[in-house]
Amino acid sequence: MKTKKFIVAILAAILAVGAVFAFTACGPEDDGRDDDTTNPSTKSYQLVGSFTDSLGPLGDGFEFMLNLNTDGTAVLSRYNPYSYDSSDASTNRNFEEKFMEGTWKEAEKDGVDCLQIKLEVRKEDGTTSDASTSYAYDVAGEYSFELGFPIVPGMSFTRNVTLKGGETKKYADANAFIKGTCKTFTAPESIATFEDEEKGGTAYVQEDGTVLLYSGYTEFATGTYYKTADDFGIIIEGEEVDVTVEGKKASFKSIYSMGGGYDVEYTYVCDDISVIPNKAKDDEGGTTVPGTDDKTLVGTYEGTNQPKPTDTVRKYKIELYNDNTCKLTFNFMTDIIFECKYTKDGNTVTLSDLTTDNPYGGQLKGMAEEALVWTLSDDGTMTPVAAAE
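Everything numeric in this text was worked out from a predicted model, so none of it was measured. (Residues numbered from 1 in each chain as written. Predicted model: local features only at pLDDT ≥ 70, side-chain atom pairs only at ≥ 80, totals over all residues. Heavy atoms only, no water.)

### Observations regarding the overall build of the protein
Piece 1. Check the secondary structure of the protein and you find three helices and 24 strands.
Piece 2. Taken over 389 residues, the protein has a buried fraction of 45%.
Piece 3. Counting only contacts in the protein whose residues sit at least 6 apart along the sequence, the fraction spanning at least 24 positions is 48%. (Helix = DSSP H or I, 4+ residues; strand = E, 2+ residues; numbered from the N terminus. Buried < 20%, exposed > 50% of the residue type's maximum accessible area, 1.4 Å probe, protein only. Contact = heavy atoms within 4.5 Å.)

As structure tokens, then:
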């Protein structure tokens, strides 16, 4: 797949506008500035750490390498291993050599020897942000501390990463760091693929009838296909898409909405669908809901649906399963999914027990209570109560 340049450009644009994710803020202990850059120690240290969590279009985490140099300077490098980009550090857009900078020195805190480490984001215009002071303690020959780092520098949303290490360097330089942490992409198993080579998109058709839509290395939608001697179709997220078939060749379009106004339309093309086995349209798999004529119910709604007037438009979707579990999805810069349970009283469905450990749980505060109650229509579709009123 010709994905690298296209996906990197998209992620750079997302970072430029400051994609918002509701992470736990971690304030600095002080302003992080240290004008004393001298360090009497002749020692140097390297501490490394991994942060893993879904960041939507930004990937699934970062790798960090902190070098504490003999001149008293501290340099924290950050790399996105889920970019699958192991190119040279000097041109690798997923590697930030000086993500944060500062100073360090041997110190004593509360009567215990430690390393005092001050870090901050230093911008090109000379201003700084996200300053912090940390203390790394030696335990069994290894120093460690927890650093609060910004997802997007200058914004108030941070996450924590534990950095560990000592005098022995794990990585000789930036290139060794990149190559040592870069992930290898493993494509899903498939019997055929539809590809948009120009934009780097792939749709994987699997043996059980599932269709997985990818933007580069990111899965953003799922669906199913059906095929007969005279017909071929694809259903994505419960909706049938227009498929153009010319002989053995077939194509269809799908839009990846990454939030912040960044939508990418892919044209997926398969040159030979004859390798795809026939599959009846009604044999779509999935889980059914009792009393609904063996249909999986999917409801969608676009609207503000907020407790107060707002111009923010959010998209809601709910999927019900026969074990009384469900999934609520709504779009806030990216798709956010909550697992839940539901009860059904006639044609009224009420959601409950939404997962509280979801890192984006704060976004639920902006939802009106009516967003958790849906009505079923005779054709099996669902509509939020707020939209029906």
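### Focus: the packing of aromatic side chains
Piece 1. Under the criterion given, the structure shown has 22 aromatic pairs.
Piece 2. Through successive ring pairs, a cluster of aromatic residues spans Phe-194, Phe-220, Tyr-225, Phe-232, Phe-252, Tyr-256, Tyr-266 and Tyr-268.
Piece 3. Against the face of Tyr-225 rests Lys-279, its NZ or CZ located 5.9 Å from the ring centre. (Phe/Tyr/Trp six-rings, centres within 6.5 Å; stacked < 30°, edge-to-face > 60°. Lys NZ or Arg CZ within 6 Å of the ring centre and 35° of its normal.)

### Re helix H2 (residues 174-181)
Piece 1. When we look at burial in H2, the residues that qualify are Ala-174, Phe-177, Ile-178 and Thr-181. Axial view of H2: buried residues confined to an arc of 95°, hence all on one face.
Piece 2. Taken together, the buried residues of H2 touch strand S2 (61-68), strand S3 (73-79) and strand S4 (95-109).
Piece 3. Two or three places before Asn-175, at the opening of H2, Asp-173 has a side-chain oxygen 3.2 Å from that residue's backbone nitrogen. (Arc of directions from axis to C-beta. Polar contact = N/O pair within 3.5 Å; in protein donor to acceptor, adjacent residues only side chain to side chain.)

### Overview of the nonpolar core
Piece 1. Grouped together as the largest cluster of nonpolar side chains are 25 residues, with contacts concentrated most on Phe-64, Leu-66, Leu-68, Leu-76, Ile-117 and Leu-163.
Piece 2. When contributions to this core are tallied by element, the ones reaching two or more residues are strand S1 (45-52), S2, S3, S4, strand S5 (112-122), strand S7 (142-150) and strand S8 (158-166).
Piece 3. Those residues within four positions of Leu-66 in sequence are excluded, and the remaining contacts are Tyr-45, Gln-46, Leu-47, Ala-74, Val-75, Leu-76, Ile-117, Leu-119, Phe-145 and Leu-163.
Piece 4. Within the second largest apolar cluster, 22 residues are counted, among which are Val-211, Leu-213, Ala-221 and Tyr-266. (Core = buried A, V, L, I, M, F, W, Y, C linked by side-chain atoms within 4.5 Å.)

### Focus: the sheet that holds S2
Piece 1. The strand order around the closed barrel formed by eight strands is S1-S2-S3-S4-S5-S6-S7-S8, and the pairing between neighbours is antiparallel. The average undirected angle you get between the axes of adjacent strands in this sheet is 25°.
Piece 2. Two elements, S1 and S8, share three bridges in a ladder whose sense is antiparallel. Bridge pairing in S8 places Gln-46 opposite Gly-166. (Pairing = 2+ DSSP bridges. Axes fitted to C-alpha atoms, helices over the stretch in contact; angles between N-to-C directions.)

### Let's talk about the pairing of S8
Piece 1. Sheet topology places S7 next to S8; eight bridges connect them, and they run antiparallel. Within S8, the residue paired with Phe-149 across the bridge is Arg-159.

### Focus: the pattern of salt bridges
Any two side chains of opposite charge can pair, on the condition that their charged atoms come close.
Piece 1. The final tally for this structure, using the stated rule, is three salt bridges.
Piece 2. Linking Glu-96 and Arg-78 is a salt bridge whose minimum nitrogen-to-oxygen distance equals 3.0 Å. Of this pair, Glu-96 sits in strand S4 while Arg-78 sits in strand S3, placing them 18 residues apart in sequence.
Piece 3. Residue Glu-96 is classed as partly exposed on the basis of its relative accessible area of 31%.
Piece 4. With a shortest N-O distance of 2.9 Å, Glu-120 and Arg-122 are connected by a salt bridge.
Piece 5. Classification of Glu-120 by relative accessible area gives buried; the value is 2%. (Salt bridge = Lys/Arg side-chain N within 4 Å of Asp/Glu carboxyl O.)

### Considerations on the confidence of the model for the protein
Piece 1. On average, the protein scores 78 in pLDDT, and the residues at 70 or more come to 70%.
Piece 2. Across residues 290-295, confidence stays below pLDDT 50; counting only partners more than four residues off in sequence or on other chains, it has seven contacts.
Piece 3. Contacts for the low-pLDDT stretch residues 362-368, under 50 throughout, to residues beyond four places or in other chains number 21 contacts. (pLDDT = per-residue confidence, 0-100.)

### Looking at the pairing of strand S11 (residues 210-215)
Piece 1. Within S11, five of the six residues are buried, which leaves it mostly tucked inside the rest of the structure.
Piece 2. In this structure, strand S10 (residues 201-205) lies alongside S11, joined through five bridges in antiparallel fashion. Note that in S11 the partner of Ala-203 across the bridge is Leu-213.
Piece 3. In sequence, S10 turns back onto S11 through a hairpin of four residues, with Gly-209 there showing a positive phi of about 100°.
Piece 4. Sheet topology places S11 next to strand S12 (residues 218-227); six bridges connect them, and they run antiparallel. Counted as the bridge partner of Ser-215 is Thr-218 from S12.
Piece 5. Taking the residues that link successive antiparallel strands as the turn, the S11-S12 hairpin has two residues, and the phi of Gly-216 there is positive, at about 65°.

### Looking at unusual backbone geometry
Piece 1. If you check the backbone angles, Asp-130 has positive phi at about 60° while not being a glycine.
Piece 2. Its place among the elements puts Asp-130 in strand S6 (residues 128-139).

### So, a negative patch on the surface
Piece 1. Taken together, the side chains of Glu-106, Glu-108, Asp-110, Asp-113 and Glu-167 make up a negatively charged region of the molecular surface.
Piece 2. Relative to the helices and strands, Glu-106 is located in strand S4. (Patch = residues over 30% accessible without salt bridge, like charges linked within 9 Å, V, L, I, M, F, W, Y side chains within 5 Å. Areas by Shrake-Rupley, 256 points an atom, 1.4 Å probe, with all protein chains shown as cover. Lys, Arg positive; Asp, Glu negative; His and termini not counted. Charge placed at Lys NZ, Arg CZ, Asp CG, Glu CD.)

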